[in-house]
Amino acid sequence: MEENMLDLIQSPSDIRNWSVAQLEKLAAALRQVIIETTAQTGGHIGASLGTVELAIALHYAYNTPSDKLIWDIGHQAYAHKLLTGRYQEFGTLRQLNGLSGFLKRRESEYDVWEAGHASTSLSAAMGMASARDLRKQHYKVAAVIGDGALTAGMAWEAMNQIGQSKTNLVMVVNDNSMSIAPNVGAFSHYLTELRSAPAYTRMKQEVEQLLDAVPVFGGSIRKTLERTKDVLHHAVIPRNVFEELGFKYYGPVDGHSLTDLISVLRNAQTVEGPVVVHVITQKGHGYLPAEQRPGEFHGPGPFEIESGQFIKKPQPPSYSHVFSQTLVDLAHGHPEIVVITAAMPDGTKLDLFQKAFPERFFDVGIAEQHAATFAAGLAAGGMRPVFAVYSTFLQRAYDQVVHDVCHQDLPVIFGIDRAGLVGADGATHQGIYDISFLRAVPNIEIAMGKDEQELRQLLAGAFDRPHPVALRYPRGATRGLDLTLPLKPIPWGTGEWLEHGRDVTIVALGPVVYQALAAREILEAEGYHVGVINARFVKPLDTALLGAAAAESRALLTLEEHAVAGGFGSAVNEWANAAQVAIPIFNAGLPDEFIDHGAVDYYLNLFELNADGLARRVRNWLPLKKTAER
Ligand SMILES: Cc1ncc(C[n+]2csc(CCOP(=O)(O)OP(=O)(O)O)c2C)c(N)n1
């Protein structure tokens, strides 16, 4: 019955004459669909349950899509999707060729801005508002940004400009006091204070309303009131940070009260100049397990609705887990080891380290740029910092890596988590560019083991290096190998020649080494002689090993789960070119296009990076065909 209600909504204009009671029913129906769908598909349920009323109120109060509604990150916008004509397709969320888990301009005209990474919404909103002003247009612009996203420098860079510009723009702060983990930092504490001072805000609003009601010619009464307001501003009610920056401040507002939200949003859009609407929401609102375990329900896989238990088949520990556990093991004997996360203690599994060595663990919030330079500072001060960060989020800290870490050749270890394809999060989250952007920078060394045993060995070895090291490892479960073996160091900069073969040698980086070995089995059965090298290092390259393979084999096939452009294979090409090694080299990797959400195995097959795909490549590769026919 309630789902039928959603059938009635083709676009937000369908709800703009509904009563609050009807909208409340709609909120319940939206929640039900979000819970039932994410229980199957997984996804960002916690954040999206928290913004159901906000999404309704925004589409109710604004004339979308003419007015521009921008969601930061876009992970909290499932209700927005459902209100903007995507109810029927919602079951395809995060599946191959289905709806994206984030917003996509090609998916809907209501998705005016795409993201995936945090804290871009205010800059985007300022851009759209400025374009509107320059083109003398009249649409309204509202951006929704979380308290977590507000920990990023980029948000403050935008506020710096917006506050001065005096442009008409509404910034909705969606404050649930959570990032993925509980939010951190001085500003987060400040928001908590602001939240807990509703009496002040109310008093201030009341005085201001009173003032507005007094006619200008009200003479002495008005003067007295003005003075009262002034006193209140400077004594009882200190102007808050947003006001100091040039915004009008409305709040705090109950983010689950449709009446309050609609009234404040209608008001805010009539105000001249930039406005902050401070909305208090609860992550996971309306689904008890998500309310009680908001961290776990930030972006879980499938779960059982009744019990709130995750549906997981037993599997070996993740690479992130092994990385963090190894850090804990090493840190016992090394008090100089310190660890940094940028708001991802759970995802990176650094919470293991946090538990073991709380005083040597730093969560800096969504602040990758700061994290990288903070690490550089720690290294300059004699510590051995490890910044574990998803490949995709390290993109944001590129200048800090180049200018602060590598230029000063400081021994910072970057644990590059989620290196490779990531699956359901899609294009904005693929970890497939870091080799290209890091390889160009002097001093940094880049490695990736074929499995978790090598990850441990490489991590131990990285602490002996006097240079920055980037140690890559993928998302997901390890191979389940024995982790109790003693940490045997890998001679730095060396690859491993696993199999010899005179037709072609596959030179593979990372866990795809095992795909190469499986491809070899298929091809050997067909009469090809296929070698396999586990490259381990992108930088320095094991050129001695490559030279020997080139002398033995008729061709080289490089293999990586990374963009071909500028990647590991490119490094091999550059070596062959510079060393004048005349050998056909084929690069297997990812094409020059953004790769959407979909299972990793699907893409490995599509781009011929798995065993069958590699075998197809070798069979169809002209120079090899010729040699096989000879
Ligand atoms: C640059 C960047 N770093 C890290 C992340 C991972 N991440 C996704 S959502 C999130 C928490 C965001 O918190 P907040 O803005 O308060 O939104 P909420 O999920 O609480 O609604 C984080 C850290 C990201 N998307 N982008």
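Up top is the structure these notes are about.
Report on the accompanying structure.

Comments concerning the overall build of the chain
- Each helix and strand in the chain was counted, giving 26 helices and 17 strands.
- Taking 630 residues into account, the globule formula puts the C-alpha radius of gyration at 25 Å, and the chain, at 28 Å, falls close to it.
- With respect to the three principal axes, the spread of C-alpha positions in the chain is 100 × 55 × 50 Å.
- With 630 residues in all, the chain has 57% of them scored as buried.
- Once local pairs closer than 6 in sequence are excluded, the contacts in the chain between residues at least 24 apart make up 76%.
- Total accessible area on the chain stands at roughly 25,700 Å², and carbon and sulfur atoms take up 53% of it.
- Separation between the mean location of the 54 positive side-chain charges and that of the 70 negative ones in the chain comes to 3 Å.

Observations concerning the side chain of Asp351
- You can see Asp351 is positioned in helix α15 (residues 351-356).
- Of the side chains with opposite charge, Lys355 lies nearest to the buried Asp351, which makes no salt bridge, at 4.7 Å.

Observations regarding the pattern of salt bridges
- Tallying each qualifying case throughout the model produces 25 salt bridges.
- Salt-bridge contacts for Asp133 lead to Arg132; the nearest nitrogen and oxygen are separated by 2.9 Å.
- The exposure class assigned to Asp133 is partly exposed, which follows from its relative accessible area of 39%.
- One salt bridge in this structure joins Arg554 and Asp503, with 2.4 Å as the shortest N-O distance. Here the residue Arg554 occupies a position in the loop between α22 (543-552) and β16 (556-563), and Asp503 occupies one in the loop between β12 (496-499) and β13 (504-508), the gap between them amounting to 51 residues.

Thoughts on the site of the ligand
- If you check the shell around the ligand, you find 23 residues, and the closest are His75, Gly148, Ala149, Lys283 and Glu368.
- At 2.9 Å, a backbone N or O of Met178 approaches an oxygen atom of the ligand.
- Computed on the free molecule, the ligand has an accessible area of 580 Å², of which 98% lies beneath the protein chains in the complex.
- Class assignment of the residues belonging to the shell around the ligand gives a composition of 10 nonpolar, 9 polar and 4 charged.
- Both domains that furnish three or more residues to the shell around the ligand are identified here as domain 1 (2-180 + 242-292) and domain 2 (319-472).

A short note on the packing of aromatic side chains
- On inspection of all chains with the given rule, the structure shows 20 aromatic pairs.
- An angle of 45° between the planes, with centres 5.0 Å apart, marks the rings of Phe297 and Phe310 as tilted. Residue Phe297 is located in the loop between α13 (288-292) and α14 (319-332), and its partner Phe310 is located in the loop between α13 and α14; the two are separated by 13 residues in the primary sequence.
- What links up through ring pairs into an aromatic cluster is the set Trp156, Phe187, Tyr190, Phe242 and Tyr249.

Brief notes about the nonpolar core
- Formed by 57 residues in total, the largest nonpolar core has its most connected members in Leu23, Leu26, Leu30, Ile56, Leu58, Val172 and Val277.
- Looking at which element gives the most residues to this core, the answer is helix α2 (residues 20-41), with 9 residues.
- With residues up to four places along the chain from it excluded, the contact list for Leu30 reads Leu6, Val52, Ile56, Ala79, Leu82 and Leu83.
- Membership of the second largest hydrophobic core comes to 51 residues, among which are Ala342, Phe414, Ala470 and Leu541.

A few points about the pairing of strand β10 (residues 445-448)
- Side-chain alternation along β10 places Glu445 and Ala447 on one buried face and Ile446 and Met448 on a second face that is also buried.
- As defined by bridge partners, β10 adjoins strand β11 (residues 469-472) across 4 bridges and the pair is classed as parallel. Counterpart to Glu445 in the pairing with β11 is Val469.
- This β-α-β element, β10 to helix α20 (residues 452-462) to β11, shows right-handed connectivity.
- Note that β10 and strand β15 (residues 537-539) share 2 bridges and pair antiparallel. Across the sheet, residue Ala447 finds its bridge partner in β15, namely Phe537.

About the criteria used
Residues numbered from 1 in each chain as written. Predicted model: local features only at pLDDT ≥ 70, side-chain atom pairs only at ≥ 80, totals over all residues. Heavy atoms only, no water. Helix = DSSP H or I, 4+ residues; strand = E, 2+ residues; numbered from the N terminus. Rg over C-alpha atoms; globule rule 2.2 N^0.38 Å. Buried < 20%, exposed > 50% of the residue type's maximum accessible area, 1.4 Å probe, protein only. Contact = heavy atoms within 4.5 Å. Areas by Shrake-Rupley, 256 points an atom, 1.4 Å probe, with all protein chains shown as cover. Lys, Arg positive; Asp, Glu negative; His and termini not counted. Charge placed at Lys NZ, Arg CZ, Asp CG, Glu CD. Salt bridge = Lys/Arg side-chain N within 4 Å of Asp/Glu carboxyl O. Near = heavy atom within 4 Å. Polar contact = N/O pair within 3.5 Å; in protein donor to acceptor, adjacent residues only side chain to side chain. Nonpolar A, V, L, I, M, F, W, Y, C, P; charged D, E, K, R; others polar. Domains from an automatic or database assignment. Phe/Tyr/Trp six-rings, centres within 6.5 Å; stacked < 30°, edge-to-face > 60°. Core = buried A, V, L, I, M, F, W, Y, C linked by side-chain atoms within 4.5 Å. Pairing = 2+ DSSP bridges. Right-handed = clockwise from strand over helix to strand, strands pointing away.

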